[in-house]
Amino acid sequence: LFSLQPVSAHRSYGKETITATDTVMVSDEFRYVGQWPSGHGVLYHEYEGLYIGEFVNARPHGIIRHYSPYGHRYYGEYSEGKKQGHGRYFKKDGEIIAGDFVQGLAEGKDTVFFADGGFFLGICQEGAPTLQGFRYDFIPQAYLDRKPVFPEIPLTEEQEQFMEKLFMLAAK
């Protein structure tokens, strides 16, 4: 059972009139407020959490903020209801994954910040770091003295910026 209620608003600004039509949907498991089935909206699902952003055919698509009921959160791109593209995933245990996602999992060039303070720069597959990258439990002195070069794995712009900030802080 759910109810579907269209809500309209008309505003005039000088010679221009803006019309917005939103839909409020309520069921036992979810609530949706926004342009239905496509457009900007907010979806709360009892088991999946809160989605804020763009929707296409009633699925998250575009830039989305997702807050899981289990304490995880994600800011980034979605496609057809899944994390797809560039984003940042904050896990409840303190781990952060920044980079590329495919079908909901970290895939490609990513930076993983571990809860223990270490970090990984490199390639992730199926949501996990691979051997194609570098894991640091601390910052080695050799890297504090100069910027490291990883010729076999080009870094993303975000990873480059992170490394620059890291070395600037370490130099102080």
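Residues numbered from 1 in each chain as written. Predicted model: local features only at pLDDT ≥ 70, side-chain atom pairs only at ≥ 80, totals over all residues. Heavy atoms only, no water.

## A closer look at the pairing of strand β12 (residues 128-136)
Convention followed: Two strands are counted as paired when DSSP detects at least two bridges linking them. Runs of E in the DSSP output that reach at least two residues are strands. Runs of H or I that reach at least four are helices, and both are numbered from the N terminus.
As paired elements, strand β11 (residues 119-125) and β12 share six bridges and run antiparallel to each other. Each bridged residue has a counterpart across the sheet, and for cysteine 124 the counterpart in β12 is proline 129.

## Regarding the environment of alanine 128
Our working definition: The contact definition used throughout considers only heavy atoms, calling two residues in contact when any of these lie within 4.5 Å.
Structurally, the position occupied by alanine 128 is in strand β12. Distance in space between the C-alpha atoms of alanine 128 and aspartate 110 is 9.7 Å, their sequence separation being 18 residues. Look past the residues within four positions of alanine 128 in its chain and what remains in contact with it is Ala106 and Ile123.

## Examining the layout of surface pockets
Heads up, the condition is: Of the two site types, the cavity is a set of points on a 1 Å grid over the protein atoms alone where a 1.4 Å probe fits but cannot get out, and the pocket is an open set with protein on both sides within 12 Å along at least five of seven lines, each lined by residues with an atom within 4 Å of a point. Grid points are joined across faces, edges and corners, and a volume is the space filled by probe spheres set on the points. Residues are grouped as follows: Ala, Val, Leu, Ile, Met, Phe, Trp, Tyr, Cys and Pro are nonpolar; Asp, Glu, Lys and Arg are charged; every other residue, Gly included, is polar.
Volume-wise, the largest pocket comes out at about 200 Å³. For the largest pocket, the lining is made up of 13 residues, of which Leu43, Glu48, Ala58, Arg59 and Pro60 are closest to its centre. For the lining of the largest pocket, the secondary-structure elements that each account for two or more residues are β3 (30-34), β4 (39-45), β5 (49-56) and β6 (59-67). Per-class residue counts for the lining of the largest pocket are nine nonpolar, two polar and two charged.

## A few points about the pattern of salt bridges
Let me state the cut-off plainly: Criterion for a salt bridge: a side-chain nitrogen of Lys or Arg within 4 Å of a carboxyl oxygen of Asp or Glu. Note on classification: 1.4 Å probe, protein chains only; a residue is buried when its accessible area is under 20% of the maximum for its type, exposed when over 50%, partly exposed between these limits.
Counted under the stated rule, the structure contains two salt bridges. Here lysine 91 makes a salt bridge to glutamate 95, at a shortest N to O gap of 3.2 Å. Linking aspartate 116 and arginine 135 is a salt bridge whose minimum nitrogen-to-oxygen distance equals 3.0 Å. Placement of the pair is aspartate 116 in the loop between β10 (105-113) and β11 and arginine 135 in strand β12, with a sequence separation of 19 residues. The exposure class of aspartate 116 is exposed, given its relative accessible area of 59%.

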